[in-house]
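One-letter residues, chain by chain:
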Amino acid sequence: MKLFVYHTPELTPTDKVPDCAIAIDVLRATTTIATALNAGAEAVQAFSDLEKLMRVSEEWPVEKRLRAGERGGAKVSGCDLGNSPLDCTPERVKGRRLFISTTNGTRALQCVQASPVVLAAALVNRAAAVQYLLANSPETVWLVGSGWQGAYSLEDTVCAGAIAHSLLQQTTNSVDELAGNDEVIAAIALYSQWQDNLLEMFRQASHGQRLLLMDGHDDLNYCAQTDVLEVLPIQKEPGVLVRN
Ligand code: MLT
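Draft legend 1. Structural context of helix α8 (residues 182-194). Between its first and last C-alpha, α8 extends 19 Å over 13 residues, near the 18 Å set by a 1.5 Å rise per residue. Of all the residues in α8, the buried ones are V184, A187, I188, L190, Y191 and W194. For α8, the angular spread of the buried residues around the axis is 160°, confining them to a single face. Away from its buried face, by an angle of more than 90 degrees, α8 presents the exposed residues D182 and Q193.

Draft legend 2. How the structure looks around the packing of helix α5 (residues 126-136) against helix α6 (residues 154-170). Two elements in contact, α5 and α6, have axes whose closest approach is 10 Å; the angle formed by their N-to-C orientations is 50°. In terms of orientation, α5 lies oblique with respect to α6. Of the two elements, α5 crosses α6, and the hand of that crossing is right-handed. Seen from α5, the contacting residues are R126, A129, V130, Q131, L133 and L134; seen from α6, they are A162, I163, S166, L167 and Q170. Of the residues belonging to the contact of α5 with α6, the class tally is seven nonpolar, three polar and one charged.

Draft legend 3. Geometry of empty space enclosed by the protein. Applying the stated criterion to the full structure yields two cavities of 30 Å³ or more. One number sums up the size of the largest cavity: a volume of about 80 Å³. If you trace the largest cavity, you find 13 residues lining it, with D25, L27, R28, W148 and H207 closest to the centre. Looking at the lining of the largest cavity, its residues break down into two nonpolar, eight polar and three charged. By volume, the second largest cavity is sized at about 30 Å³. Lining of the second largest cavity is provided by V5, Y6, H7, I24, L143, V144, G145, D156, T157 and A160. At the level of secondary structure, the elements contributing two or more residues to the lining of the second largest cavity comprise β1 (2-6), β8 (140-145) and α6. Here the lining of the second largest cavity is composed, by residue class, of six nonpolar, three polar and one charged.

Reading the values: the criteria
- Residues numbered from 1 in each chain as written.
- Predicted model: local features only at pLDDT ≥ 70, side-chain atom pairs only at ≥ 80, totals over all residues.
- Heavy atoms only, no water.
- Helix = DSSP H or I, 4+ residues; strand = E, 2+ residues; numbered from the N terminus.
- Expected span 1.5 Å × (residues − 1).
- Buried < 20%, exposed > 50% of the residue type's maximum accessible area, 1.4 Å probe, protein only.
- Arc of directions from axis to C-beta.
- Axes fitted to C-alpha atoms, helices over the stretch in contact; angles between N-to-C directions.
- Parallel < 35°, antiparallel > 145°, perpendicular 65-115°, else oblique.
- Left-handed = near helix turned anticlockwise from the far one by under 90°.
- Contact = heavy atoms within 4.5 Å.
- Nonpolar A, V, L, I, M, F, W, Y, C, P; charged D, E, K, R; others polar.
- 1 Å grid on protein atoms, 1.4 Å probe; cavity = no way out; pocket = protein on both sides within 12 Å on 5 of 7 lines; lining within 4 Å.
- Points joined across faces, edges and corners; volume = space filled by probe spheres on them.

The structure is reproduced here in structure tokens:
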């Protein structure tokens, strides 16, 4: 298995696909997607384009759908939810399809959607992603961070590092056997430095600070937890994720 980390959708190659792509948006889209599926959502359908989300979800019965829209960290008016994982309670999402569009996370999912296997990972379900990789041994794995409008995000890279770090611990592979690019080695170093203090790292990260200004303390606390959900979102058709 060779891992490749790409920090943003913009840095992700467009001329090939890996055997397995893992989209990461710790703050907060992939945390929200995992939480919604864990709470019993029928599926999560991701859109980079809000108008398309509205059009497609219009075809679903109102009682079977939820629209989640976020831009710049804030809820989009006309949607039922923003992008807080804490809103994805079983009472709200059970049996419904979550139609979601966010600033960067859904773009990361879209940029790898042609890959034969597409997963969504965050810190909350890191172990589930690692278990999938250990059980299926895909030859090439891309860990694609969402970043923020083309720029690097600490929290996505630390999650990529958490996945790589756990793979190293659970196999006999050395770093240079596992790492397909330098970004993997940097991501492992970042996780090694912050693994016991992820919440503090999120408080220093630019998007963490943005969310704190919007009263996002509880979201940061939730998203900083590691290995608390067993659910692994997997793409069953382009843009549609279900529980693995
Ligand atoms: C994104 O897609 O950029 C994020 O998930 C933004 C957010 O925190 O809602």
